Amino acid sequence: MIQSIGVALRQKVRQRRLFSSDTFPSTTTIGFFGLGNMGLPMALNLAKSCNVKSFDLNERATSNAQREGLLVASSIESLADTSNTIITMLPGDSAVDSVLSEASKHCPPSSLFIDCSTVSPTTSRRWHAELESMGHSFFDAPVSGGVKGAQNASLTFMVGGSDETVIKEKVTPVLEAMGHRVIPSGGPGAGAAVKLCNNLALAAQMVGICEAMNLGEKLGVDPVVLASILNTSTAKSWSCEVNNPHPLVAQESGSPASKDYQGGFGTKLMLKDLKLAVAAGNEVNVSLPLGNATKELYQLADLRGMGEQDFGVILQLLRGK
């Protein structure tokens, strides 16, 4: 107990140091684009430590943000012209292109752009070059940790960029308000590349857990017992322990499978990431047979109307639903 209190106190002190007036002057406003399942809790955690102004084209998303007390701008332009640091958490390459094209026209000189979206490394490298030519800084910093990680400010950020000093002094303090690990991953586009590799492995991992849970249940094993054993054996994984796709197992943690797969990482988004990963593999002539097969399963789930449900819904697809 004493040790736990000590850790908590050290964490609070660390947060105060990270967000001192020296790190974030009173004139600093961070603009946050993208208020979906991941973006909204990220923005809310960031707003605990600094001034945040947000925006999303989706009216339901902005209504949710306002209900949570977040300041919402009326347009991309009105957000960008008062923000010298801009974070994007958007659903894909086209959305990032659209927002950054507009925001870069209106932001103050020498602004800092941090893209937390999952996009192609090619897109990230292009924006690195384009914004740098305009006198701004750009870093790709996609995340891992899911909706729970976003809510608990325990995300991992994979950062790509060429200026290590800026990453250490400017990017990391911002990201640590929303997560617990910030990992420099290499040059421009490296963060995006690492994220695609992560989600390529995660998607296949989830399919494996879904198959195992279905098989075990059909063989007469209690799903809760099965999951418990898997999580203390070599099959232990995030897909089994944190985001188990079986509704009965998920009841204990409250993960998406316990709520008809609502509120997690959407199947349609995972499919988008798999397409990016497979395309990247084709570009560099890397064979991805499991990745291609996994992509086809998620494509089928999307065609069957499961695109908006958490990607663990693959369990139901494999049951023939």
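Residues numbered from 1 in each chain as written. Predicted model: local features only at pLDDT ≥ 70, side-chain atom pairs only at ≥ 80, totals over all residues. Heavy atoms only, no water.

## Regarding the overall build of the chain
Rules: The secondary structure listing takes helices from DSSP runs of H or I that are at least 4 residues long and strands from runs of E that are at least 2 residues long, numbered from the N terminus. Our radius of gyration is a C-alpha quantity, and the globule rule it is checked against amounts to 2.2 Å times the number of residues to the power 0.38. The buried label applies to any residue whose accessible area, calculated with a 1.4 Å probe on protein chains only, is under 20% of its type's maximum; exposed applies above 50%, and partly exposed to all values in between.
Counting its secondary structure elements, the chain contains 15 helices and 9 strands. Here the C-alpha atoms of the chain give a radius of gyration of 20 Å, agreeing with the 20 Å that 2.2 N^0.38 yields for 321 residues. Dimensions of the chain, computed from C-alpha atoms along their principal axes, come out at roughly 65 × 55 × 35 Å. Each of the 321 residues in the chain was classed as buried or not, and the buried ones make up 50%.

## Focus on the packing of helix 9 (residues 190–218) against helix 14 (residues 289–306)
Angle between the axes and distance between the axes are the two parameters that describe a pair of packed helices. Put simply, the test is: Angles run from 0 to 180 degrees between N-to-C directions of axes, and those axes are lines fitted to C-alpha atoms, restricted for helices to the stretch in contact. The scheme is simple: roughly parallel for angles under 35 degrees, roughly antiparallel for over 145, roughly perpendicular for 65 to 115, oblique for anything else. For any helix crossing, the convention is left-handed if the near helix is rotated counterclockwise from the far helix by under a right angle, and right-handed if that rotation is clockwise. Contacts between residues were defined by any pair of non-hydrogen atoms, one from each residue, lying within 4.5 Å. Any residue that is not Ala, Val, Leu, Ile, Met, Phe, Trp, Tyr, Cys, Pro, Asp, Glu, Lys or Arg is counted as polar, Gly included; the first ten are nonpolar and the last four charged.
As a packed pair, helix 9 and helix 14 sit with axes 10 Å apart at the nearest point and diverge in direction by 65°. Between helix 9 and helix 14, the crossing angle belongs to the class labelled roughly perpendicular. As for how helix 9 packs across helix 14, the hand of that crossing is left-handed. Listed contacts from helix 14 to Leu200, Ala203, Ala204, Met206 and Val207 of helix 9 are Leu290, Gly291, Thr294, Leu297 and Tyr298. Partitioning the contact of helix 9 with helix 14 into residue classes produces 8 nonpolar, 2 polar and no charged.

## Re the packing of aromatic side chains
The geometry of an aromatic ring pair is captured by two quantities: the separation of the ring centres and the angle between the planes. Short version of the rule: Aromatic rings from Phe, Tyr and Trp, with only the six-membered ring used for Trp, were paired whenever their centres fell within 6.5 Å, and each pair was classed as stacked if the ring planes differed by under 30 degrees, edge-to-face if by over 60, and tilted otherwise.
One pass over the full model with this rule turns up 4 aromatic pairs. Here Trp238 and Phe311 contribute two aromatic rings whose centre-to-centre distance is 6.4 Å and whose plane-to-plane angle is 10°, an arrangement assigned as stacked. Of the two residues, Trp238 is situated in helix 11 (residues 238–241) and Phe311 in the loop between helix 14 and helix 15 (314–318); the sequence distance between them amounts to 73 residues. In this structure Trp238 comes out as partly exposed when scored by relative accessible area, which is 31%. For the pair Phe265 and Phe311, a centre-to-centre distance of 5.9 Å together with 80° between the ring planes defines the contact as edge-to-face. Placement of Phe265 in the loop between helix 12 (247–253) and helix 13 (267–283) and of Phe311 in the loop between helix 14 and helix 15 is noted, with a sequence separation of 46 residues between them. The exposure class of Phe311 is buried, given its relative accessible area of 1%.

## Focus on the side chain of His128
What counts is decided by this rule: Within 3.5 Å is the distance limit for a polar contact, defined as a pair of N or O atoms, with the added protein rule that one can donate a hydrogen and the other accept it, and that residues adjacent in sequence qualify only through two side-chain atoms.
Its place among the elements puts His128 in helix 6 (residues 121–133). In this structure His128 comes out as buried when scored by relative accessible area, which is 8%. A distance of 2.6 Å separates the side chain of His128 from the side chain of Asp140, its partner in a polar contact. Among residues more than four places away in sequence, those in contact with His128 are Phe138, Phe139, Asp140, Gly160, Gly161, Pro188 and Gly189.

## Structural notes on unusual backbone geometry
Backbone geometry at Ala153 places phi at a positive 55°, although glycine is not the residue there. Inspection of the secondary structure assignment puts Ala153 in the loop between helix 7 (146–151) and strand 8 (155–160). What makes Ala153 partly exposed here is its relative accessible area of 22%. Its identity is not glycine, yet Asp260 carries a phi of approximately 55°, on the positive side. Structurally, Asp260 can be placed in the loop between helix 12 and helix 13.

## Some points on the pairing of strand 1 (residues 29–33)
To be explicit about the condition: Handedness is read with the strands pointing away from the viewer; a crossover is right-handed when the path from the first strand over the helix to the second is clockwise. Note: two strands are recorded as paired if DSSP finds a minimum of 2 bridges between them.
In terms of burial, strand 1 is a largely internal element, 5 of the 5 residues being buried. A two-sided burial pattern is seen for strand 1, the buried positions comprising Thr29, Gly31 and Phe33 on one face and Ile30 and Phe32 on the other. Regarding topology, helix 2 (residues 39–47) serves as the crossover connection from strand 1 to the parallel strand 2 (residues 51–55), and that connection is right-handed. Looking at chain direction, strand 1 and strand 4 (residues 85–88) are connected through 4 bridges and run parallel. From the neighbouring strand, Phe32 faces strand 4, where its bridge partner is Ile87.

## Concerning the side chain of Asp56
Mapped onto the elements, Asp56 comes out in the loop between strand 2 and helix 3 (59–67). In terms of polar contacts, Asp56 uses its side chain to reach the backbone amide nitrogen of Leu35, at 2.7 Å. There is a polar contact of 2.8 Å between the side chain of Asp56 and the backbone nitrogen of Asn58. If sequence neighbours within four positions are ignored, Asp56 has contacts with Gly34, Leu35, Gly36, Ala61 and Thr62.

## Notes on a negative patch on the surface
As a reminder, the rule being used: To count toward a patch, a residue needs a relative accessible area above 30% and no salt bridge. Like charges then connect within 9 Å, nonpolar side chains (Val, Leu, Ile, Met, Phe, Trp, Tyr) within 5 Å. To measure how exposed things are, a 1.4 Å probe is used in the Shrake-Rupley method; for residues, cover is taken only from the protein chains shown. Here a salt bridge means any side-chain nitrogen of Lys or Arg lying within 4 Å of a carboxyl oxygen belonging to Asp or Glu. For this count, His and the chain ends are skipped, Lys and Arg are scored as positive, and Asp and Glu as negative. Where a charge lies is defined by one atom per residue type, namely NZ (Lys), CZ (Arg), CG (Asp) and CD (Glu).
Together, Glu132, Asp163, Glu164 and Glu169 line one region of the surface with negative charge. Position of Glu169 among the secondary structure elements: in helix 8 (residues 164–175).

## Describing the environment of Asn244
Mapped onto the fold, Asn244 is located in the loop between helix 11 and helix 12. Spatially, the C-alpha atom of Asn244 lies 37 Å from that of His128, the residues being 116 residues apart in sequence.

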